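Spelled out from the first residue to the last, the chains are:
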Amino acid sequence: MSHSIIILAAGEGKRMRSARPKVLAELAGRPLLAHVIATARALAPERIVVVVHGQGGHLIRADFPDSDLTWAEQVERLGTADAVHAALPELPGDGSVLVLYGDVPLLQAGILAPLLESADRDELAVLTARLDDPFGYGRIVRDEAGKVQRIVEERDATDAERSIREINTGVIAAPMDKLSQWIPRIRNDNAQGEYYLTDTMALAVDDGVMVRTVEAGDPASTAGVNNRIQLAEAERELRKRRAASLMEAGVTLVDPERTDVRGHIECGHDVHIEPNCVFEGHVVLGNGVRVDTGVLIRDAWVGDGAHLRAYSVIEHAKIGAEAVVGPYARLRPGTELGEASHVGNFVELKNTHLGHGSKANHLAYLGDAEIGQHVNVGAGVITCNYDGANKHKTVIGDDAFIGSDCPLVAPLTIGEGATIGAGSTVTANVPPGKLVLARSRQTTIEDWERPRKTRSDPDKQ
Ligand code: UD1
Ligand code: CA
């Protein structure tokens, strides 16, 4: 049977105390809503309708230009049932519908399939969880026979009901025709004066429709994010999950609680990762790669046996096998390091190719440069690639030796095997194999004497 998904994202998110809509708060580097949409897509629905409200809604839509999403506007925030009401016109009249909350980001598609199957059998299904601390959630109220009667919200609950640990995760699935009959029947005579979607339970019971609960075995995956404490808890949960799958794949994480995988990471065998590293975007680490503490990597490919030393920042870069990077190196977009090359502390590279076995071990800026093999770049070398208007290229041939503290004014070509003396400002091309010096000659003044203090200086008395 066909099914559609409604994602509720129109809430104000007061408890976040933010100027932005809650569902745009970031979890693992992506908006909460992006996680929910990914789960929805995994279920291959006929349609995904996202309910938004007002100005915040415009911000949300701008962040998700994807063509497979249908948007519905909730004119006033009158509660979760009213939000579903706003989505109904965008949905097909038959089949089953699953309601997800934009602020419940950790659910995985596997747990949701049984809910849809239940709705396909003309039942109302609700995803529940058992929590040690159920505070803030709607509680599942059952009769003596254990049959679900209704859901009561925290604020409407009696003390006895508050002690119920079985909670509503917010996710329900229902036959489309039934849901569209129940929604207009829901009233707002409750503590918050809102139309509660959870009231569909009592209506289903009245109509003699079977209410089925599906309990999430892993309650952490059903957690809602209402404030920044819960946002941090969700982040920790996601970190734990991703760390676990990396370790299962054979990666050593010295401290899984301090390893942040915010994007997608692929690792070879015997990869070793020290604490406090952050991985974003798409990162590939080859066999035996070692990542020391505090490294930030975004969209990078790292060859076998490479060693990324502490506190390096790597973005859109390709690092050859056995290369050594850092500590404190910065590889900016377009950096390509050849095999066994070395980039040391306080060295910045941008749009630069450093050849096989070449070294820039200390304090250098290499931008828009093509550097051959076995080149030695001394401390304090700077490619002056920008003239204030345009960027220019520096080409350095194999086996060249660039002494310390040399500005290389681009456009510039330094021939193979050339040697540049320390402190040279190089403004013209250098032929292969020669020594070039571009600095004033050192002189010694034989008869010079250091000035002496005169007695009459009043300041110094
Ligand atoms: C809701 C449930 C509660 C459940 C909890 C799970 C209701 C009445 N209560 O409570 O039983 O335990 O989620 O996390 O459903 N929204 C709109 N429009 C509105 C109001 C809310 O789109 O007018 C959206 C919000 O953006 C959010 C979701 O609906 O994504 C839930 O709203 P929220 O106010 O967070 O409900 P809870 O109090 O958490
Ligand atoms: Ca919520």
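Here, every reference points to the structure presented above.
Our subject in this report is the structure included herewith. Here the residue numbering is sequential within each chain, running from 1 through the sequence in written order. Key to labels: chains lettered from A, ligands numbered from 1, both in the order written. For a predicted model such as this one, the threshold for reporting local features is a pLDDT of at least 70, and the threshold for listing and counting side-chain atom pairs is 80 or more; totals across whole chains, interfaces and linings nevertheless cover every residue. The basis for every side-chain value is the complete set of non-hydrogen atoms in the structure, without hydrogens or water.

## Section: the overall build of the protein chain
Within the protein chain, the secondary structure is distributed over eight helices and 35 strands. Our radius of gyration looks at C-alpha atoms and nothing else; its globule reference is 2.2 Å times the residue count to the power 0.38. Over its C-alpha atoms the protein chain spans a radius of gyration of 32 Å, topping by over 25% the 23 Å that the globule rule assigns to 461 residues. By principal-axis analysis of the C-alpha atoms, the protein chain measures approximately 110 × 65 × 40 Å. Accessible area is worked out with a 1.4 Å probe on protein chains only. A residue is then buried under 20% of its type maximum, exposed over 50%, and partly exposed in between. For the protein chain, buried positions account for 49% of its 461 residues. We get accessible surface area from the Shrake-Rupley algorithm with a probe of 1.4 Å; when it comes to residues, only the shown protein chains can shield them. A total accessible area of about 22500 Å² is found for the protein chain, and carbon and sulfur atoms account for 48% of it. Labels follow the DSSP assignment, with helices taken as runs of H or I lasting at least four residues and strands as runs of E lasting at least two, numbered in each case from the N terminus.

## Considerations on the packing of aromatic side chains
Two aromatic rings are characterised by how far apart their centres lie and by the angle between their planes. In summary, the pairing rule links any two rings of Phe, Tyr or Trp, Trp by its six-membered ring, whose centres are within 6.5 Å, and it sorts them by plane angle into stacked for under 30 degrees, edge-to-face for over 60 and tilted for everything else. Following the criterion strictly, the structure yields two aromatic pairs and no others. Look at Y311 and Y328: their rings are 5.5 Å apart centre to centre, the planes differ by 20°, and that puts the pair in the stacked class. Of this pair, Y311 sits in the loop between β19 (307–308) and β20 (313–319) while Y328 sits in the loop between β21 (324–325) and β22 (330–331), placing them 17 residues apart in sequence. Among the residues examined, Y328 registers a relative accessible area of 41% and is labelled partly exposed. With a centroid separation of 5.2 Å and 10° between ring planes, the pair formed by Y328 and F346 is classed as stacked.

## Side note on the pattern of salt bridges
For this document, the term salt bridge refers to a Lys or Arg side-chain nitrogen within 4 Å of an Asp or Glu carboxyl oxygen. Tallied over the full model, the rule gives 28 salt bridges. For K22, the salt bridge identified is with D103, shortest N-O distance 2.8 Å. With a gap of 81 residues between them, K22 in the loop between β1 (3–8) and β2 (26–27) and D103 in the loop between β6 (96–101) and α4 (109–120) connect regions that are remote in the sequence. The pair formed by K22 and D103 is uniform in burial state, with each residue classed as buried. One salt-bridge network, held together by shared partners, links R139, E154, D159 and R162.

## Here we look at the environment of M210
Within the secondary structure, M210 sits in the loop between α7 (200–206) and β11 (211–215). A relative accessible area of 43% means that M210 is categorised as partly exposed. Considering only alpha carbons, one finds M210 and E123, 87 residues apart in sequence, at a separation of 5.1 Å. The criterion used for residue contact is that any of the two residues' heavy atoms lie within 4.5 Å. Once residues lying within four places of it in the same chain are set aside, the contact partners of M210 are E123 and L124.

## Side note on the site of ligand 1
If a single non-hydrogen atom of a residue is within 4 Å of a molecule or strand, that residue counts as near it. Neighbouring ligand 1 are 24 residues, the closest being G11, Q74, G138, E153 and N168. Between an oxygen atom of ligand 1 and a main-chain N or O atom of G138, the distance comes to 2.8 Å. In the complex, 91% of the free accessible area of ligand 1, which totals 750 Å², lies under the protein chains. For the shell around ligand 1, the secondary-structure elements that each account for two or more residues are α3 (80–87) and β10 (166–175). In this classification, the charged set is Asp, Glu, Lys and Arg, the nonpolar set is Ala, Val, Leu, Ile, Met, Phe, Trp, Tyr, Cys and Pro, and all remaining amino acids, among them Gly, are polar. A class-by-class count of the residues in the shell around ligand 1 yields nine nonpolar, ten polar and five charged. N or O atoms within 3.5 Å of each other form a polar contact, as long as, within protein, one can give a hydrogen and the other can take it, and as long as residues adjacent in sequence are counted only when both atoms are side-chain atoms.

## Re the coordination of the calcium ion (ligand 2)
Put simply, a metal with four donors set out as a tetrahedron has ideal angles of 109.5 degrees, and one with six donors set out as an octahedron has ideal angles of 90 or 180 degrees. Metal donors were taken as nitrogen, oxygen and sulfur atoms no farther than 2.8 Å from the ion, or 3.2 Å where the ion is Na, K or Ca. Water is excluded, so coordination may look unfinished. Coordination of the calcium ion (ligand 2) by the protein is provided by D103 (OD) and N226 (OD1), with metal-donor distances spanning 2.4 Å. Taken together, the residues D103 in the loop between β6 and α4 and N226 in the loop between β11 and α8 (228–248) connect sequence positions 123 residues apart. With relative accessibility at 16%, the residue N226 sits in the buried group.

## Concerning the side chain of T200
One can find T200 in helix α7. Contacts of T200, omitting those with residues within four sequence positions, involve L124, I172, L179, W182, I183 and I186.

## Quick word on the environment of T413
One can find T413 in strand β33 (residues 412–414). Residue classification places T413 among the partly exposed positions, given a relative accessible area of 35%. The spacing of T413 and N429 is 16 residues in sequence and 5.0 Å in space, taken between C-alpha atoms. Those residues in contact with T413, other than ones at most four positions away along the chain, are V395, N429 and V430.

## So, unusual backbone geometry
In this chain, G326 is followed by P327 through a cis amide linkage whose omega measures 5°. Tracing the sequence through the fold places P327 in the loop between β21 and β22. Positive phi, close to 50°, is recorded for R17, a residue that is not glycine. Turning to its location among the elements, R17 is positioned in the loop between β1 and β2. On the basis of relative accessible area, R17 is assigned to the exposed category, the value being 77%. At H316, a residue that is not glycine, the phi angle is positive and equals roughly 45°. Mapped onto the elements, H316 comes out in strand β20.

## Describing the side chain of E123
Position of E123 among the secondary structure elements: in the loop between α4 and β7 (124–130). On the accessibility criterion, E123 (9% relative accessible area) is buried. Polar side-chain contacts of E123 include one of 2.6 Å to the side chain of S118. Among the polar contacts made by the side chain of E123, one reaches the side chain of R212 at a distance of 2.7 Å. In this structure E123 touches S118, A173, A174, P175, V209, M210 and R212, once residues within four positions along its chain are discounted.

## Some thoughts on α8
Helix span, as expected, comes to 1.5 Å for every residue beyond the first. The end-to-end C-alpha distance of α8, which contains 21 residues, comes to 30 Å, matching closely the 30 Å that a straight helix rising 1.5 Å per residue would cover. Buried residues of α8: Q230, L231, A234, E235, E237, L238, R239, R242, A243 and L246, and no others. Against β2, α1 (32–42), β12 (252–253), β13 (259–261) and β14 (264–267) lie the buried residues of α8. If you check the start of α8, you find a side-chain oxygen 3.0 Å away from the backbone N of I229, and it comes from N227. Just downstream of α8 lies G250, where phi reads positive at about 100°.

Just distances and angles here, no functional claims.
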